[in-house]
Amino acid sequence: MRPNASSARLMLGALPALPTVCALVGTLLLFWLFLLLQGAPALEAIGLIFQGAFGSSFAWQSTLLRASPLMLTALCVALPAQVGLIVIGGEGALALGGLAAAVVPQCLPAGTPWLIATPLMAVAGMLAGGIWIGAIGALRQWRGVNETISSLLMSYIAIALFKHLVEGPLRDPASLNKPSTLPVPDAMTIGSLPGLEVHWGLLWGVLACIAAWVFVRHSTKGFAMRVVGGSNRAARLVGLPVGMLALAACSMGGAAAGLAGMFEVAAVQGSANASLLAGYGYSGILVAFAARQNPLAVVLCAVLIGGIEASGSLLQRRLDLPDATTLVLQGLLFANLLAWEALGGRIVAWRVKLQALAVTEVPVQLQKTHA
Amino acid sequence: MPDMHSPVVILLLSLLAGAIRVSTPYLFVSLGECLTEKGGRVNLGLEGILVSGAMSGYAASYLTGSPWLGVLAAGIVGLMFGCLHGLVCSLPRVSDIAFGIALMLLGTGLAFYLGKPFIQPQAPMLPSIDLGSWAVSPQLHNALHINPLFVIGIVLAFLLQWGLRSTRWGMTLRLVGDHAETARAMGYPLTRIRIAATAIGGFFAGVGGAYLSLVYPGSWNEGLSSGQGLMAVALVIFARWQPLRCLYAALLFGAAGALGPALQGIGVTSGYYLYNAAPYVLTLVIMIINCRPDRTLAGAPGELSLTR
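Every chain begins its residue count from 1, and numbering advances along the sequence as written. Each chain gets a letter, beginning with A, and each ligand a number, beginning with 1, in the order they are written. Owing to the predicted nature of the model, reporting of local features is limited to residues with pLDDT of at least 70; listing and counting of side-chain atom pairs is limited to 80 or more, with chain, interface and lining totals taken over all residues.

Visitor: So what exactly am I meant to see when it comes to the overall build of chain A here?
Guide: Starting at the N terminus, helices and strands are each numbered in turn, a helix being any DSSP run of H or I of at least four residues and a strand any DSSP run of E of at least two. On a plain count of helices and strands, chain A comes out with 17 helices and zero strands. Here the C-alpha atoms of chain A give a radius of gyration of 23 Å, agreeing with the 21 Å that 2.2 N^0.38 yields for 371 residues. Projected onto the principal axes, the alpha-carbon positions of chain A cover approximately 80 × 60 × 40 Å. Expressed as a percentage of contacts within chain A between residues at least 6 apart in sequence, the contacts between residues at least 24 apart total 77%. We compute the radius of gyration from the C-alpha atoms alone; for a globule the expected value is 2.2 Å times N to the 0.38, where N is the number of residues. Residues are treated as contacting if the C-beta atoms built from their backbones sit within 7 Å of each other.

Here you go:
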């Protein structure tokens, strides 16, 4: 049976979401199968994931608490992706950004109002992250070093540097069991959003994503970046400054990850310590790929992935599943998202067919002969 | 005869010991990656395969009581993951680099999940061959405890070097990686060859993982691998896609990885984390020196997305 014009139009609208929907369904099926093979209560576990992520106001809080750094670290992947680079070193930028932000209050005279101190901390974090990831873009552009590998190496180096500084020169002598930097003074910590138990980083994360989306989709520079990402050679032919654009995209992404580190320090941890390295940088990669590198979709996907991570403790408590359960789910989701991209070619064909149906009621065969 | 107790000699000896002890996983993973890349694909997921190989090797050794069965199990798990990468990346529009990242996450996730019950128990280890009984100094003696897997790795490197150059299979694989169009015109099954190359590469990486859990450091825990699988990808670039050079590069990386513990051994304790980052810095510096933006590297397979 051939769909009529109105249902064709409906299907046309839903078509771009098809690979994502297929990936979600595929992930849940595989995850269900995996738990079933383990002899774990599969359906109950999946139910608990939803409950632990979005089931109560407490669940929402811990989901949003994780989502806010994820939005920023996902931008560290999504922005370089606009110029066609796959950067996966957000964890290192987050660590250094957090460290830089933690050092700022020590350099300021005591009693500096937060109105001055907090923006300074944010700038320090963004600078540290931006320079770190910017260097990866520079290496790619001027030395041809593969950015995927170099970003992960730089991330390992950043983490080593972070640990060295936190446990060595910058260590607070009073932090005995858990090496930390000097705590951020109470006056300079960041509080919760009014009416929520979630800190202001969430709002800034959403704002950063919106700003990135406006920049990428509605500005000349953003358009130029997407030209570079589409075809490096074409961009060079029309005279775009390819190197500078790549550098800018990487630096902006790194700045976002650095800002995530600053919020983790100023609003959650209270100082820079090993708890900062909670894997937000790595999960951000998954968020960005799930959002298909669209900064606006990052907001939604960050909440989703944040929810999966937040549900881990509930799974551990109720079903005694290992804490790596959510990691398996994330891995399956990532693999599925990429594998279902293969539908892309078919989708183009289906779109052509559906468009023909939606515009007129002319049979498909006729349209084909015209084309 | 130099003084065997001077710190410099001890440091050099422990670097040598480290090169032999730490290099084996690098060697296996880089040989696997070399094979995969010769076919024109990149598998960044070898890091995940390494970890799941380490876990399954340890688990199989514990359950069967035979460490060699553990090595085999690790290889087979690697083979399966390699197959998955090869198959999925044969679908249209799937990026091999991105899927490699996904495999990294999936492999480590599965290994952590399934390996939870094996963190506590002690599995039988692979025995080492003592080649240093003639040595006067205990450090040198210690350095010459050679594991059979290391020897197998060396033989494998020579074998691959010869196989890629002088056998029909090797030449077919290189053609597929260098010029897909020609290979297709000559009627070779392009996709099947690439899947096979990725799967066998996964097998090697799995065996490299078994070395981590069954020889050195010789236990299964979640912090076992520290990016060796990923560094091996850079190592292959450094080795210019030559298996024999992979061997030398792996030894160099092994020595760099042993720098931190070696310095600790002679009493240098400050900056422990920084010395441990030596392999990463070394990799990065090597890549910066070797890469050029305006041309692909000499010896790089023509179809490789990594160097384009």
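Visitor: What am I meant to see in the overall build of chain B here?
Guide: Scanning chain B for helices and strands turns up 14 helices and two strands. Viewed in the frame of its principal axes, chain B has a C-alpha envelope of about 65 × 45 × 35 Å.

Visitor: For this particular structure, what's the right way to read the nonpolar core?
Guide: Most often, soluble globular proteins keep nonpolar side chains buried together rather than apart. A set of buried residues drawn from Ala, Val, Leu, Ile, Met, Phe, Trp, Tyr and Cys, joined through C-beta atoms within 7 Å, is what defines a nonpolar core. Whether a residue is buried, exposed or partly exposed is read from the other C-beta atoms within 10 Å of its own C-beta, which are placed from the backbone; 20 or more gives buried, 12 or fewer gives exposed, and intermediate counts give partly exposed. Core analysis: the biggest nonpolar cluster contains 226 residues, and A:A74, A:L75, A:V298 and B:L235 have the highest contact counts within it. Element by element, the count of residues in this core is highest for helix 11 (residues 242-269) of chain A, at 17 residues. If you count residues domain by domain, this core takes at least three from each of domain 1 (1-40 + 321-371) and domain 2 (68-310) of chain A. With residues near it in sequence (within four places) discarded, A:L75 still touches A:A208, A:C209, A:A212, A:G253, A:A256, A:P295 and A:V298. Segmentation of the chain into domains, including their bounds, is taken from an automatic or database domain assignment.

Visitor: What's the story with the domain arrangement of chain A in this structure? I'm lost.
Guide: Bring the parts together and some accessible area is lost; that lost area is often taken as the interface size. Residue and element names in this part refer to chain A. Structurally, chain A comprises domain 1 (1-40 + 321-371) and domain 2 (68-310). Its C-alpha centre places domain 1 at a distance of 32 Å from the equivalent point of domain 2. At the interface, six residues of domain 1 touch seven residues of domain 2.

Visitor: Can you help me understand the interface of chain B and chain A in this one?
Guide: Each partner contributes to the interface: chain B provides 39 residues, whereas chain A provides 38 residues. Among the elements of the structure, helix 4 (96-115), helix 10 (228-238), helix 13 (272-276) and helix 14 (278-290) of chain B are those that each provide at least two residues to the side of chain B that touches chain A. With 13 residues, the single largest contributor to the side of chain B that touches chain A is helix 4 of chain B.

Visitor: I'm lost on unusual backbone geometry in this one. Help?
Guide: Looking along the chain, the bond that leaves B:Y216 and enters B:P217 is cis, with omega of 0 degrees. A positive phi angle, close to 60 degrees, is found at A:D320, a residue other than glycine. With respect to the secondary-structure elements, A:D320 resides in the loop between helix 14 (312-319) and helix 15 (325-339). Phi at B:W241 is positive, roughly 60 degrees, even though this residue is not glycine. Tracing the backbone shows B:W241 in the loop between helix 10 and helix 11 (243-257). Given 23 C-beta atoms within 10 Å, B:W241 falls into the buried group.

Visitor: Whenever I open this one, helix 4 (residues 57-82) of chain A confuses me. Can you help?
Guide: At 3.6 residues per turn, the α-helix brings residues three or four places apart onto the same side. All names here are of chain A. How far a helix is expected to stretch is found by multiplying one less than its residue total by 1.5 Å. Here helix 4 contains 26 residues, and its C-alpha end-to-end distance of 36 Å stays within 8% of the 38 Å for a straight helix at 1.5 Å per residue. L75 marks the point of greatest bend in helix 4, at about 25 degrees. Of all 26 residues that make up helix 4, 20 are buried, and the element is covered over most of its length. In this scheme, the bend at a residue equals the angle between the axes fitted to the seven residues that finish there and the seven that begin there.

Visitor: I'm lost on the environment of A:E264 in this one. Help?
Guide: Residues and elements named next belong to chain A. Within the secondary structure layout, E264 lies in helix 11. Using a count of 29 C-beta atoms within 10 Å as the deciding quantity, one classes E264 as buried. Separated by 41 residues in sequence, E264 and F223 have C-alpha atoms that sit 32 Å apart. Setting aside residues up to four positions removed in sequence, E264 forms contacts with P69, G98, Q269 and L276.

Visitor: Sorry if this is basic, but what is going on with helix 6 (residues 148-166) of chain B here?
Guide: All names here are of chain B. Over its 19 residues, helix 6 extends 27 Å from the first C-alpha to the last, a length consistent with the 27 Å expected when each residue adds 1.5 Å. Of all the positions in helix 6, only L149, F150, G153, L156, A157 and L160 are classed as buried. The arc enclosing the buried residues of helix 6, seen along the axis, measures out at 105 degrees, which places them on a common side. Exposed residues lying more than 90 degrees from the buried face of helix 6 are V155, F158, R165 and S166. For helix 6, the secondary structure elements touched by its buried residues are helix 1 (7-38), strand 2 (145-146), helix 9 (190-214) and helix 11. In this description, one arc is meant: the one made by directions from the helix axis to the C-beta atoms.

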